[in-house]
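# Residue-level structure breakdown
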Amino acid sequence: MTSQSNVLYIDLGRKSFYIKDRTELFNKWLGGIGVALQLYKEEAVKSANPLDSGNVIVLAIGPITSFYPLASKVVAVFKSPLTGNYGESHAGGRSATAIRSAGYGAIVIKGVSDRPIYLVISEKGVQFRDAATIWGMRSTFTVGRVLREASPEAGLRTIIRIGRAGENLVRYACVVSETYRHFGRMGLGAVFGSKKLKALIIYGKSSIRMPKIKIYRDTYDEVYKLAVKSDLMKKYHELGTSMNVSPINALGALPTRNLSEGKFDWAEQISGENLAAKKLGRRVACSHCPVACIHLATIREPYPDEPYFYKTTFISYDYELLYSLGSMLGISDINGLLKLIDEVEVLGLDAISTGVVLAWATEAYKKGMVKLNDLLVDLDWGKAEAYREAVNFIVDQPNEFYKTLAMGVDYASKIYGGQEFALSFGGNEMPGYHTGPAAYIGYLIGSRHSHLDAAGYSIDQKMKNLSPQEMVDKLIEEESWRQILSSLVVCYFARGIYEPRIVKKTLSTLGYELDDEKLKELGKRIYEEKQALKASQGFKPDELRVPERIFEVPTFHGLIDKNYIKIALDYYSQIFNTIIKKNSILS
Amino acid sequence: MKRLVITDSERCVGCQLCMFACSRRIGFLGLDKSALKVKSVGGFERGFTVVVCRACTDPPCLRSCPVGALRVRDGGGVLLDPSKCIGCRFCEKACDIGAVFWDDSINKPVICVHCGYCVDYCNFRVLGIEERAN
């Protein structure tokens, strides 16, 4: 039996741990992001730099994790080395169910180890194991293989690890879970690296006896049927997120060659349809998700030095990767694109940031701001092989230029110039939606400066003629509701299923009685807590930089109006300041 | 009698809904009380192995039991009498495909009864039910 509100506290410096029941915290904040935020605030040293020992990593699951399908994500909170401010990232794989089975609701990782280590976490606590042998290993795939052999309970565990990008503190290094899922954005991999933490293996055999089994089973069946029989998950089920390439391109919203255009002439080549027809080799799923949106392409390559000798590689692709490492770099050759995606996976980089950084570097090179002896390789749109070399340079950092590039595009463009076409917002490289003002205002004001905060791209596609104020209100309303989804913690792809009715119903079977009003209020409260945390870490809305480039390329709404963005940001700034004032009075 | 079978493990996406279903059938949430198991074949990139009881008609697990806690089920496989089981784990070792699982919390084996509850939660038709003459 297991308590769902046990928090595991780990100190990497002392190689010690303890477990504490935090029922009061879970009762108040539900779980997931709600709880993770509070744990972060309790444990992090306020003034700590992201790569200092005072930064902490909090991983949390939610009240319905393992109870219901599609609650298959773990939320991570940390200070981002990319933005220097609030960091949050979500990952699937088997991580969420493994943390539940190990008997924890959240895990807090503090301090720095004196040598490379990895942790084996179970109901029994934590083993601190020497990672000297796997530190510096070329591929995250190999690290996974080694750790699979070295740890128990196949099928009941998660193996979360960083690649060399994280070890070398690339500010947008990711953390890989089960090979193909990631805590992708905002540089959690570098925080792991700074702590000399190579990997976490989490497993457990805890079960929970369900008191009201009949109503639980009925509610489960309702969610399950919505997931597999309705159209709500169809797009993820069939072509996966890559099905977005064609429609987004048709709208002129697919950032191409560093957003010099919104249409990619070869979009059909890198579309979900074409990849499925020519390359799709297997589909896999996160634990407790019947959708299986993870699409793996296969490429078969001959060895040049040996006749009739081939290797076959499985490569996971999604919309964001096809944009950032495809259209954004002008790459239309599918094999070249897939091999580039594979290299990024092997090294453990965030694919979105990597693509945007390289797109900026290419344009800066073409404009003469960066020289060939900086780049070391002749980067040009569409040259996949050259980009493969460049991603290795980002990780190895053989010269000043690549050291700078490893800090992110915002930083690099401050040093080398070209800020007007350095596509980052709040310090985070942009995702693949040039859909209109809502997308960009969303990147700017979202807590993690991501399309995931409030899906502005969707507002752009569904609504017209909103005033800047209405737009900001809409985005904040959506972001506030998403705090509930992230507290549960469900996959955002299932947001159509986890509407308030289903959220209340599932929670009610677990003893939480929350009405619409209370849910809304809690979502808003968590949103405000995040803004307050961002403010305490130095975030100022007035300092947000908007790259000129986004105003030069038409969207399907026409050119984006600068003044519209300015009014929206001013309005958001007022809201932000009100929240901060209210919060400082409360605390 | 019915028997749980694997129709095609190549179709398995590794979602483990069958395992959750098996635990839920007996009133539990989790994976370790499941009488079947899904694990990767050396990483997600290689696909998955699904381990289920094959319903042997002459079950080695039964023959290994020193206390007669297992008896042959009609249609193959075994049924456990927990009151006789002493938790020696011989049955677990006797099953070459690893389909006798272990419940650490009660120190008894978990063995499939071929009820087919899991089949309804496999969205990819990896699992099926087969009729077998007694």
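The rules behind each value
Residues numbered from 1 in each chain as written. Chains lettered and ligands numbered in written order. Predicted model: local features only at pLDDT ≥ 70, side-chain atom pairs only at ≥ 80, totals over all residues. Helix = DSSP H or I, 4+ residues; strand = E, 2+ residues; numbered from the N terminus. Rg over C-alpha atoms; globule rule 2.2 N^0.38 Å. Buried ≥ 20, exposed ≤ 12 C-beta atoms within 10 Å, placed from the backbone. Contact = placed C-beta atoms within 7 Å. Pairing = 2+ DSSP bridges. Domains from an automatic or database assignment. Axes fitted to C-alpha atoms, helices over the stretch in contact; angles between N-to-C directions. Core = buried A, V, L, I, M, F, W, Y, C linked by C-beta atoms within 7 Å. Parallel < 35°, antiparallel > 145°, perpendicular 65-115°, else oblique. Left-handed = near helix turned anticlockwise from the far one by under 90°. Nonpolar A, V, L, I, M, F, W, Y, C, P; charged D, E, K, R; others polar. pLDDT = per-residue confidence, 0-100. Expected span 1.5 Å × (residues − 1).

Below, the discussion takes up the overall build of chain A. Summing up its helical and strand segments, chain A has 24 helices and 18 strands in all. Taking 2.2 N^0.38 as the reference for a compact globule, 587 residues should give roughly 25 Å; the C-alpha atoms of chain A span a radius of gyration of 23 Å, in line with that estimate. Considered along the principal axes of its C-alpha atoms, chain A spans approximately 65 × 60 × 50 Å. Buried positions account for 59% of the 587 residues belonging to chain A.

Let us now look at the overall build of chain B. Along chain B, the regular secondary structure elements total 3 helices and 9 strands. Taken from N to C terminus, the helices and strands of chain B fall in the order β-α-β-β-β-α-β-β-α-β-β-β. Computed over its C-alpha atoms, the radius of gyration of chain B comes to 14 Å, within 12% of the 14 Å expected for a compact globule of 134 residues. Its C-alpha atoms give chain B principal-axis dimensions of about 40 × 35 × 30 Å.

We now examine the interface of chain A and chain B. With 36 residues of chain A at the contact, the number on the chain B side is 26 residues. Those elements giving two or more residues to the side of chain A that touches chain B turn out to be helix H3 (95-101), helix H4 (140-150), strand S13 (208-209), helix H7 (213-229) and strand S14 (280-284) of chain A. Per-element accounting of the side of chain A that touches chain B gives the leading share, 5 residues, to H7 of chain A. Inspection of the sheet shows S13 of chain A paired to strand S2 (residues 28-29) of chain B by 2 bridges, in the antiparallel sense. When the bridges of S2 of chain B are listed, Ile208 of chain A appears paired with Leu29 of chain B.

Residues and elements named next belong to chain A. Segmenting chain A into domains produces domain 1 (6-203), domain 2 (236-416) and domain 3 (435-586). Between the C-alpha centres of domain 1 and domain 3 there is a distance of 26 Å. The partner domain 3 presents 27 residues to the 31 residues of domain 1 that form the contact. Elements that contribute at least two residues to the side of domain 1 that touches domain 3 include exactly helix H2 (32-43), strand S4 (74-79) and strand S5 (86-91). With 5 residues, H2 is the largest single contributor of residues to the side of domain 1 that touches domain 3.

Residue and element names in this part refer to chain A. Strand order in the open sheet formed by 6 strands is S2-S1-S6-S3-S4-S5, and the pairing between neighbours is mixed. Edge strands, defined here as strands with exactly one partner in the open sheet, are strand S2 (16-21) and S5. Adjacent strand axes in the sheet meet at a mean angle of 15°, parallel and antiparallel pairs treated alike. Strand direction decides the pairing type here: strand S3 (residues 57-60) and S4, joined by 3 bridges, are antiparallel. Its bridge partner lying in S4, Leu59 is registered against Ala76.

So, about the nonpolar core. Counting 241 residues, the largest nonpolar core has Ala36, Val58, Ala106, Leu349 and Trp360 of chain A together with Cys18 of chain B as the members making the most contacts within it. Ranked by the residues each element gives to this core, the list is headed by helix H13 (residues 351-366) of chain A, at 9 residues. Filtering out sequence-adjacent residues up to four positions away, Ala106 of chain A remains in contact with Val7, Val35, Ala36, Leu39, Val58, Leu59 and Ala60 of chain A.

That bond from Leu488 of chain A to Val489 of chain A is cis: its omega, -20°, falls within 30 degrees of zero. Within the fold, Val489 of chain A resides in the loop between helix H21 (468-488) and helix H22 (500-509). A positive phi angle, close to 70°, is found at Thr179 of chain A, a residue other than glycine. Structurally, Thr179 of chain A is set in the loop between strand S10 (175-177) and strand S11 (181-183). Of note, the phi angle at Arg125 of chain B is positive, near 55°, even though the residue is not glycine. Examined against the element boundaries, Arg125 of chain B turns out to sit in the loop between strand S8 (108-110) and strand S9 (127-131).

Before going further, it helps to spend a moment on the pairing of strand S9 (residues 157-162) of chain A. All names here are of chain A. Burial runs high along S9: 6 of the 6 residues are buried. Across the two faces of S9 the burial is the same, with Arg157, Ile159 and Arg161 and Thr158, Ile160 and Ile162 all buried. Where S9 and strand S12 (residues 197-203) come together, 5 bridges link them in antiparallel fashion. Within S12, the position partnered with Arg161 by the bridge is Ala199. For S9 and S10, the ladder comprises 3 bridges, and the chain directions are antiparallel. From the neighbouring strand, Ile160 faces S10, where its bridge partner is Ser177.

This part takes up the packing of H2 of chain A against helix H23 (residues 516-536) of chain A. Packed helices, taken two at a time, are described by the angle between their axes plus the distance between the axes. Residues and elements named next belong to chain A. It is at 10 Å that the axes of H2 and H23 come closest, and there the two elements cross at 30°. With respect to H23, the element H2 is oriented roughly parallel. Seen from above, H2 lies across H23 with left-handed handedness. Contact with H2, carried on its side by Ile33, Gly34, Leu37 and Lys41, involves Ile526, Glu529, Lys530 and Leu533 of H23 and no other residues of that element. Classifying every residue of the contact of H2 with H23 gives 4 nonpolar, 1 polar and 3 charged.

Once that is clear, we can look at the sheet that holds S12 of chain A. All names here are of chain A. Read across the open sheet, the 6 strands follow the order S8-S7-S12-S9-S10-S11; overall the sheet is mixed. Looking at which strands have only one partner, the edges of the open sheet turn out to be strand S8 (125-130) and S11. Across this sheet, the average inter-strand angle for adjacent strands is 20°, counted without regard to direction. Two strands pair when backbone bridges link them, and S10 and S11 are joined in this way by 3 bridges, in the antiparallel orientation.

Mean pLDDT over chain B works out to 94, with 99% of the residues at or above the 70 mark. Overall fold confidence for the complex sits at a pTM of 0.97, while the interface term, ipTM, reaches 0.94.

Residue and element names in this part refer to chain A. Viewed as axis vectors pointing N to C, H13 and helix H17 (residues 409-416) meet at an angle of 20°, and their least axial separation amounts to 10 Å. With respect to H17, the axis of H13 lies roughly parallel. The two elements H13 and H17 cross, and the hand of that crossing is right-handed. Residues Val356, Val357, Trp360 and Ala364 of H13 form the contact with H17, whose own contacting residues are Val409, Ala412, Ser413 and Tyr416. Counted by class, the contact of H13 with H17 contains 7 nonpolar, 1 polar and no charged residues.

Right, let's talk about the environment of Gly511 of chain A for a bit. Tracing the chain through its elements places Gly511 of chain A in the loop between H22 and H23. In this structure the C-alpha to C-alpha distance between Gly511 of chain A and Pro69 of chain A, which are 442 residues apart in sequence, comes to 18 Å.

In this section: the environment of Trp29 of chain A. Residue and element names in this part refer to chain A. Here Trp29 shows up in helix H1 (residues 23-29). Counting along the chain gives 497 residues from Trp29 to Ile526, while the straight-line C-alpha distance between them is 8.1 Å. Once residues within four sequence positions are removed from consideration, Trp29 is found in contact with Gly34, Val35, Gln38 and Ser487.

Let us look at helix H15 (residues 384-396) of chain A. Residue and element names in this part refer to chain A. Here H15 is 13 residues long and its end C-alpha atoms lie 19 Å apart, about the 18 Å a rise of 1.5 Å per residue gives. On the buried face of H15, the contacting elements are helix H5 (164-167), helix H12 (334-347), H13 and helix H16 (400-405). Directly beyond the C-terminal end of H15, a positive phi value near 50° is found at Gln397.

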